[in-house]
Amino acid sequence: MRAAIKPENDLRLNRRSFLSVSSAAAGGMLVALYLDVSAFALESNQAPQAKVYPPDAFVHVRPDGKIEITVNRLEFGQGVQTALPMILADELDADWSQVIAELAPAADVYKDPVFGIQMVGGSGSIAHSYQQYREVGAKTRAMLIAAAAEKWHVSADQCRTENSVVYGPGNRSARYAELAKDAARKPVPDKVQLKNPSQFRLIGRNIKRLDSRAKCDGSQKFGLDLDLPGMKIAMVVHPPVFGGRVKSFDDKDARALAGVRDVFEIPLAQGTGVAVVADRFWTAKQARDRLKIDWDLSGIEHPDSTQLWTKFKEMVRTPGNVAVTRGDEKALETIPAANRIVAEYEFPFLAHTPMEPLNATVRFEGDHAEAWVPSQFQTLDQVAVAQALGLAPDKVTFHTEFAGGGFGRRAVIDSHIPREAALIAKRHRGTPIKLIWTREDDVRGGYYRPMHAHRVEIGVGRDGMPAAWRHVIVGQSLVAGTPFAAMMIKNGVDQTTVEGTADTNYNVPNFHVSAHNPTLNVPVLWWRSVGNTHTAFVMETLIDELATRAKMDPIAYRRKLLKPEAKKLLAALDLLEQKSGWRTNLPKGRAAGISCHECFDTAVACAVEVSIENKRPKIHRATVAVNCGLAVNPLTVESQFQAGLGFGVTQLMAHGAITFKDGRVEQRNFDGYTPPYIMDAPTTVDVHIVPSNEAPTGCGEPPVPVISPAVVNALSKLTGKRYRSLPLVSV
Amino acid sequence: MLRHRSGLLPFLFIGLLATWMFVGGTFGYGGDVKHAPDSRADGLAAWEQIYSVLTSPRCINCHTATNYPQQGDDRHRHFANVIRGPEGKGVPGLNCLSCHHEANADSTGVPGGPDWHLAPLSMQWQDLNDKPLSSAAVCRSVTDRSKNENMDGPALLKHHQEAELVLWAWNPGVRPDGTARTMPPLTHAQFVTATRIWVQAGTPCPKGK
Amino acid sequence: MANYKLTVNGQHKEVNVDPSTPLLWVLREELKMTGTKYGCGISACGACTVHVDGVATRSCVLPISLVGGPIITIEGVAQDPVGRAVQDAWVDKDVVQCGYCQSGQIMSAVALLKATPKPTDTNIEESMGGNLCRCATYVRIREAIKSASQQLK
């Protein structure tokens, strides 16, 4: 990738004041994604320097009393556009009713303090910016107090703050808005005392989302809603097989439509395609449908699901590159065959299909450009747009647009969406080009959660606990061939393939995990909770099977098998046990299923109540216990878990798979690839948070892995069958 | 928007007529003395032709036994959880009319016709596993006036000749990908001719389950 | 191209578009009313739901040439007490996440409550069964519908 390019972002912000804040994790290691910061800082290819956070870049106290807080993340449902302002406003003692939140453009100052690029991923929005936003808030408050103290000729410690007002001795008081101008001239304190949790006024409280009303009355603008003067709509025909190339095309019928402005061949991330530019969406779509394209599909692999499963099943029966080995690998063979379990699992490709179809808008002005993208990877996408246009990255003003979901799909290493938009915009200088991928483009467009096969051999000890565990996983690497490979592939194993298994909290004395990362002609990508989507399913269904075999309660069995160090998960299990008393008193035809899993430093335990209706699992209830450190906004945590469980049901849907035949994707839209509707998701979800003042950890991804194994564990009780192949075509 | 509703009066009229005919003993299947034996054979042969049309996807997809319609030549369950609803017209928020309008919407591939709706459960031509019922069973159902909205032979003929949703089967529009939907195995004219022969033969039904 | 006269949220509008153009794109691109969303284009997700002549209608598959009645969109649904109650309940229950599907969810919920003021869980699942929420905010959608129903009694 573009390791040599270094964007010198000009914020166009007043950099009068600079805060010195050392990077939270320079040289550190993020366990969840196995990325270390120096290597993740792709643009510079060097360890990030100590960061400076000018308060102006994050907070603006307006004369009218409104307090604008800039959010350094994409808002795509996770609630960060409310939670980060809460954190800053709390330390600032701002009047919450006057807080306005804005999404930040791409700029150096808004990079994730841990990852070193501006992004949403790894459930890090709160975890990585909690300290950052507290400090900016506290320092801004200190400057406001300093201004008031000077005005009143008193010392700062004689002043206190509340609801955007500084109070001094006597009956002195001044609103922040009055003080802002003087405060801006005060030096930024190097150090500042942060609140202790008992002083929090917003953090830890149930605060409703700031974006709720606009999202209920149609006024919220998403990337796809952007309307600029003179804007044109672009669509691209992609090759029917990844990497295919246009041999020739006939655009006579397409160009005959009024409102069609351009038709031309463009290079794609894989192969080439044909772009259509028109005045309107419907014109562009009609024109696209009229194109006659002759494709060159020679010399490229034509993936075929049936053949791929055959290949994967062969591979999974051979040892792969070692991810982790503990104890004696041969211990398994010493255990009698009757006490061994052999289990093979299959997981299909999954599409993310966020509700807002993929899009990007770019206007090229020759020596500079502007981009509007609902992006999880702002600074990488900015570089990609710049590169496509032959500009330096600082010549691209990059706006973060609200996104209608993402789930990883808008965090793409090759930035193919904004890159396509930029290539089209390049031919139409001065004209804003909105590239729209239709739903069909999205479903068929690749960047899927990879298909996986697992094979697990377990030797059960006399105590019913696993004494030996040999585990082989087959699945494409998410990062092979990209700059991410250097730090995410270790000993030939993509760490995202084995996360959730290799680092399990279960204590198995003889434990061996290896993996194959075959190369296939299918672009793949992280899908909300990444490797945990399949590893947690395998681990939690097998643990359940072992508990059943040992005739033990599934919670008690897990507790016995967990390492004592797995304190977060143990606390979550304890809370779950307290809150799931309903498990012992279920109506006939219903069963409870249990699972627990820790990922992204958040531990989750889950119980579900399931019956079988119309040959499908009906999830009547879910109870989850969450250990995410301090819950900044418990309402959002609850919401993320209630809905994240439903998202996780995607894996169980009868049509929850992307499949290939002769190189072509067999599904085209939600009729063929069907995410959960209301009746597929749990009817009720009660969420219980383990009380904690530890540093907050993420809640975006951790809900997803637990639901599918819990549901099939319940199904197993109802049917006596074990479910090892997804999607769940039949119960 | 114009929304056709089935007029109640014609049904009442047909109902009265049918009651009169039933009481008068002039209606029945198979046993009508006015028809010669070979006419019954002709009628049964005609029925098999009719049956081939009724069980074609364009017709049978909306004659399910379940709480949902089907779609496509493979007669898969209608996507997006579309259900029958109390009157065979879906439910509020998810009505048939939410997508199916007065006429085929060929630019978007959605079929349409006046008062698009499911046939009543009494007119189910499939079992609960979505398998078409036998020729004998469909015939019994079609001729059972307690199930068929009280239609006698002539009324059935008229229904096949004129009912707008029946006619739609021969004007089914295009699929979302722009290709033409498959039509029933007979032309509409052949279908009407077969129905006429069958009705003239006294709407005989094959024996069997 | 042809001229069409529409009534949208009580206002008269005139557009000149190709007759095959779906209502969704007329609303979004001609009338600049972007609250109604494109999600799938095949009526499988419900994000484009508006009311036409009182019927919850998937505007992505309705060609403008077949539109025959007054249209209510998310921008105008609060003019009606049921619409207002549903929107308020949505905000009160903090339903939205990404929010992209919620215009359609609200339009379907309003149609449900107008016909069935006291919906059961089954009524809710059936009427809302065609509206996808990829964030899967369904638990709160249920709560908000029940809450709006309470408010309206």
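Reading the values: the criteria
Here, residues in each chain are numbered from 1, in the same order as that chain's written sequence. Both sets of labels track the order of writing: A upward for chains, 1 upward for ligands. Local features in a predicted model are, by the rule used here, given only for residues with pLDDT of at least 70; side-chain atom pairs are given and counted only at 80 or more, and totals for whole chains, interfaces and linings are based on all residues. In this description a helix means any DSSP run of H or I spanning at least four residues, a strand means any run of E spanning at least two, and both kinds are numbered starting from the N terminus. This radius of gyration counts C-alpha atoms alone. The globule rule is 2.2 Å times how many residues there are, raised to the power 0.38. Burial is judged by counting other C-beta atoms within 10 Å of a residue's own C-beta: 20 or more means buried, 12 or fewer means exposed, and anything between counts as partly exposed, with every C-beta placed from the backbone. The nonpolar core criterion groups buried Ala, Val, Leu, Ile, Met, Phe, Trp, Tyr and Cys residues into a set whenever they are joined through C-beta atoms within 7 Å. Any residue pair is listed as a contact if its two C-beta atoms, each placed from the backbone, are within 7 Å. Note on residue categories: nonpolar means Ala, Val, Leu, Ile, Met, Phe, Trp, Tyr, Cys or Pro, charged means Asp, Glu, Lys or Arg, and polar means any other residue, Gly included. The pairing criterion is simple: DSSP has to find at least two bridges between the two strands. All axes are obtained by fitting lines to C-alpha atoms, using only the stretch in contact for helices, and the reported angles, taken between N-to-C directions, cover 0 to 180 degrees. Residue-level confidence of the predictor is summarised by pLDDT, bounded by 0 at the bottom and 100 at the top. Take the far helix as your reference; a near helix turned counterclockwise from it by less than a right angle gives a left-handed crossing, and one turned clockwise gives a right-handed crossing. Here, the arc refers to the directions that run from the helix axis to the C-beta atoms. Oblique is the label for any angle not covered by the other classes, which are roughly parallel (under 35 degrees), roughly antiparallel (over 145) and roughly perpendicular (65 to 115).

*Asks:* I keep staring at the overall build of chain C and nothing clicks. Help me out?
*Replies:* Helix and strand counts for chain C come out as 5 helices and 5 strands. Helices and strands in chain C line up, N terminus first, as β-β-α-β-β-β-α-α-α-α. Expected size for 153 residues packed as a compact globule is a radius of gyration near 15 Å; at 15 Å, chain C falls within 12% of this value. Dimensions along the principal axes, computed over C-alpha positions, put chain C at roughly 45 × 30 × 25 Å. Counting over 153 residues, chain C shows a buried share of 68%.

*Asks:* Help me out: how do you make sense of the overall build of chain B in this one?
*Replies:* Summing up its helical and strand segments, chain B has 7 helices and 4 strands in all. Across chain B, helices and strands are ordered from the amino to the carboxyl terminus as α-α-α-β-β-β-β-α-α-α-α.

*Asks:* I'm lost on the nonpolar core in this one. Help?
*Replies:* One recurring pattern in soluble globular proteins is that nonpolar side chains are buried together. Core analysis: the biggest nonpolar cluster contains 289 residues, and Ala234, Val276, Ala572, Cys606 and Val624 of chain A have the highest contact counts within it. Per-element accounting of this core gives the leading share, 13 residues, to helix H3 (residues 125–152) of chain A. Ignoring any residue separated from it by four or fewer positions in sequence, one finds Val276 of chain A in contact with Ala234, Met235, Ala254, Val260, Val263, Ala284, Ala287 and Arg288 of chain A. Formed by 18 residues, the second largest nonpolar core is a distinct cluster that contains Ala46, Ile60, Trp125 and Phe191 of chain B.

*Asks:* Even after reading the chapter, I still don't get the interface of chain C and chain A, so can you show me in this structure?
*Replies:* With 46 residues of chain C in contact, the opposing surface of chain A contributes 50 residues. Those elements giving two or more residues to the side of chain C that touches chain A turn out to be helix H1 (23–30), helix H2 (81–92), helix H3 (102–115), helix H4 (121–127) and helix H5 (138–151) of chain C. At 4 residues, the largest contribution of residues to the side of chain C that touches chain A is made by H5 of chain C. Residue composition of the side of chain C that touches chain A, by class: 24 nonpolar, 13 polar and 9 charged.

*Asks:* What exactly am I supposed to notice about the sheet that holds strand E23 (residues 466–475) of chain A here?
*Replies:* Working definition: the strands of a sheet are paired by backbone hydrogen bonds and lie parallel or antiparallel to each other. Residue and element names in this part refer to chain A. If you trace the 5 strands from one edge of the open sheet to the other, you get E16-E26-E23-E22-E17, paired in mixed fashion. In this open sheet, the two strands that pair with only one neighbour each are strand E16 (321–326) and strand E17 (340–347). Looking at each pair of strands side by side, their axes are set apart by 10° on average, direction ignored. Each of E17, strand E22 (452–460) and E23 is contacted by helix H14 (residues 532–549), which is oriented at about 30° to E22, the strand it contacts most.

*Asks:* Explanation requested: helix H7 (residues 281–290) of chain A in the structure shown.
*Replies:* Count 3.6 residues to each turn of an α-helix, and residues three or four apart come out pointing the same way. Burial analysis of H7 of chain A places 8 of its 10 residues in the buried class, which makes it a mostly covered element. Within H7 of chain A, the full set of buried residues consists of Phe281, Trp282, Thr283, Ala284, Lys285, Gln286, Ala287 and Arg288 of chain A. Those residues of H7 of chain A that are buried are in contact with strand E11 (232–237), helix H6 (252–255), strand E13 (260–267), strand E14 (272–278) and strand E21 (433–436) of chain A together with H1 of chain C.

*Asks:* How do you make sense of the confidence of the model for chain C when you look at a structure like this?
*Replies:* In regions of low pLDDT, the predicted coordinates are not meant to be interpreted in detail. Per-residue confidence for chain C gives a mean pLDDT of 98; residues scoring 70 or more make up 100%. The complex model carries a pTM of 0.92, and its ipTM stands at 0.99.

*Asks:* What is the right way to look at the packing of helix H2 (residues 80–92) of chain A against H3 of chain A in this model?
*Replies:* Between two packed helices, the angle of one axis relative to the other and the distance separating the axes together describe the packing. Residues and elements named next belong to chain A. The geometry of H2 relative to H3 is characterised by a closest axis approach of 7 Å and an angle of 35° between their N-to-C directions. Note that H2 runs across H3; the crossing there is right-handed. On the side of H2, the interface is formed by Val80, Ala83, Leu84, Ile87, Leu88, Ala89, Asp90, Glu91 and Leu92, while H3 contributes Ser125, Ile126, Ser129, Tyr130, Tyr133, Arg134, Val136, Gly137, Ala138, Thr140 and Arg141. Class assignment of the residues belonging to the contact of H2 with H3 gives a composition of 12 nonpolar, 4 polar and 4 charged.

*Asks:* Can you walk me through the pairing of E13 of chain A in this structure?
*Replies:* In regular strands, side chains alternate between the two faces of the sheet. By the bridge criterion, 7 bridges tie E13 of chain A to E14 of chain A in an arrangement that is antiparallel. Bridge pairing in E14 of chain A links Asp262 of chain A to Val277 of chain A.

*Asks:* Even after reading the chapter, I still don't get the pairing of strand E18 (residues 359–364) of chain A, so can you show me in this structure?
*Replies:* All names here are of chain A. Counting buried positions along E18 gives 6 out of 6 residues, so the element sits mostly inside the fold. As paired elements, E18 and E21 share 4 bridges and run antiparallel to each other. Note that in E21 the partner of Asn359 across the bridge is Ile436. Here E18 runs beside strand E19 (residues 369–373); their pairing, made up of 4 bridges, is antiparallel. Each bridged residue has a counterpart across the sheet, and for Thr361 the counterpart in E19 is Trp372.

*Asks:* Looking at this structure, I do not really get the sheet that holds strand E9 (residues 165–167) of chain A. What am I missing?
*Replies:* Residues and elements named next belong to chain A. Strands sit in the order E8-E9-E10 across an open sheet of 3 strands; the sheet is antiparallel. Of all the strands in the sheet, the pair left with one neighbour each is strand E8 (160–162) and strand E10 (173–175). Taken over all neighbouring pairs, the strand axes of this sheet differ in orientation by 25° on average, direction set aside. Bridge count for E9 against E10 is 3 bridges, and the pairing is antiparallel. Counterpart to Tyr167 in the pairing with E10 is Ser173. Its contacts with the sheet place H3 against E8, E9 and E10, and it is angled at close to 50° to E9. The strands touched by helix H4 (residues 176–183) are E9 and E10; relative to E10, the strand with the most contacts, the crossing angle is about 80°.

*Asks:* I would appreciate a short explanation of the environment of Met552 of chain A in the present structure.
*Replies:* Residue and element names in this part refer to chain A. Residue placement: Met552 occurs in the loop between H14 and helix H15 (554–561). When the C-alpha atoms of Met552 and Gly464 are compared, they prove to be 9.1 Å apart, with 88 residues separating the residues in sequence. Ignoring any residue separated from it by four or fewer positions in sequence, one finds Met552 in contact with Gly464, Ala547 and Tyr557.

*Asks:* Where do I start with the confidence of the model for chain B in this structure?
*Replies:* Model confidence for chain B is summarised by a mean pLDDT of 86, while 82% of its residues fall at 70 or above. Under a pLDDT of 50 for its full length, residues 1–33 of chain B has, in the predicted model, 33 contacts with residues more than four places off or in other chains.

*Asks:* Looking at this structure, I do not really get unusual backbone geometry. What am I missing?
*Replies:* Leaving glycine aside, a negative phi is the common case for residues, and trans is the common case for peptide bonds. All names here are of chain A. Cis geometry marks the peptide bond from Leu726 to Pro727, where omega comes out at 0°. Looking at the secondary structure, you find Pro727 in the segment after helix H18 (703–719). Positioned with a positive phi, Ser123 is a non-glycine residue whose angle comes to about 50°. Summarising the element assignment, Ser123 is placed in the loop between strand E7 (99–103) and H3. One non-glycine residue, Phe407, adopts positive backbone phi at about 60°. The residue Phe407 is located in the loop between strand E20 (396–400) and helix H10 (416–426) in this model.

*Asks:* Just to check I follow, could you spell out H15 of chain A for this structure?
*Replies:* Residue and element names in this part refer to chain A. Taken together, the buried positions of H15 are Pro554, Tyr557, Arg558 and Leu561. The buried residues of H15 occupy an angular sector of 95° when the element is viewed end-on, so they sit on one face. Those residues of H15 that are buried are in contact with H14, helix H16 (567–579) and strand E27 (591–599).

*Asks:* Just checking my understanding: could you explain the environment of Gly629 of chain A for this structure?
*Replies:* Residue and element names in this part refer to chain A. Tracing the sequence through the fold places Gly629 in the loop between strand E29 (616–627) and helix H17 (634–648). Along the backbone, Gly629 and Tyr176 are 453 residues apart, and their C-alpha atoms lie at a distance of 32 Å. Ignoring anything within four residues of it in the chain, the contact list for Gly629 reads Ser692, Glu694, Ala695, Pro696 and Thr697.

*Asks:* How should I be thinking about the packing of H14 of chain A against H15 of chain A in this particular structure?
*Replies:* Residue and element names in this part refer to chain A. H15 packs onto H14 with a crossing angle of 110° between their chain directions and a minimal axis gap of 9 Å. The orientation of H14 relative to H15 falls into the category roughly perpendicular. Where H14 approaches H15, its residues Ile543, Asp544, Leu546 and Ala547 are matched on the opposing element by Pro554, Tyr557, Arg558 and Leu561. For the contact of H14 with H15, the class distribution of residues is 6 nonpolar, no polar and 2 charged.

*Asks:* Even after reading the chapter, I still don't get the environment of Glu370 of chain A, so can you show me in this structure?
*Replies:* Residue and element names in this part refer to chain A. Among the secondary structure elements, Glu370 is positioned in strand E19. The partly exposed category is assigned to Glu370, around which 19 C-beta atoms lie within 10 Å. Taking the C-alpha atoms as reference points, Glu370 and Leu718, 348 residues apart in sequence, are found 57 Å from one another. Other than its neighbours up to four places away in sequence, Glu370 contacts Arg363 and Thr397.

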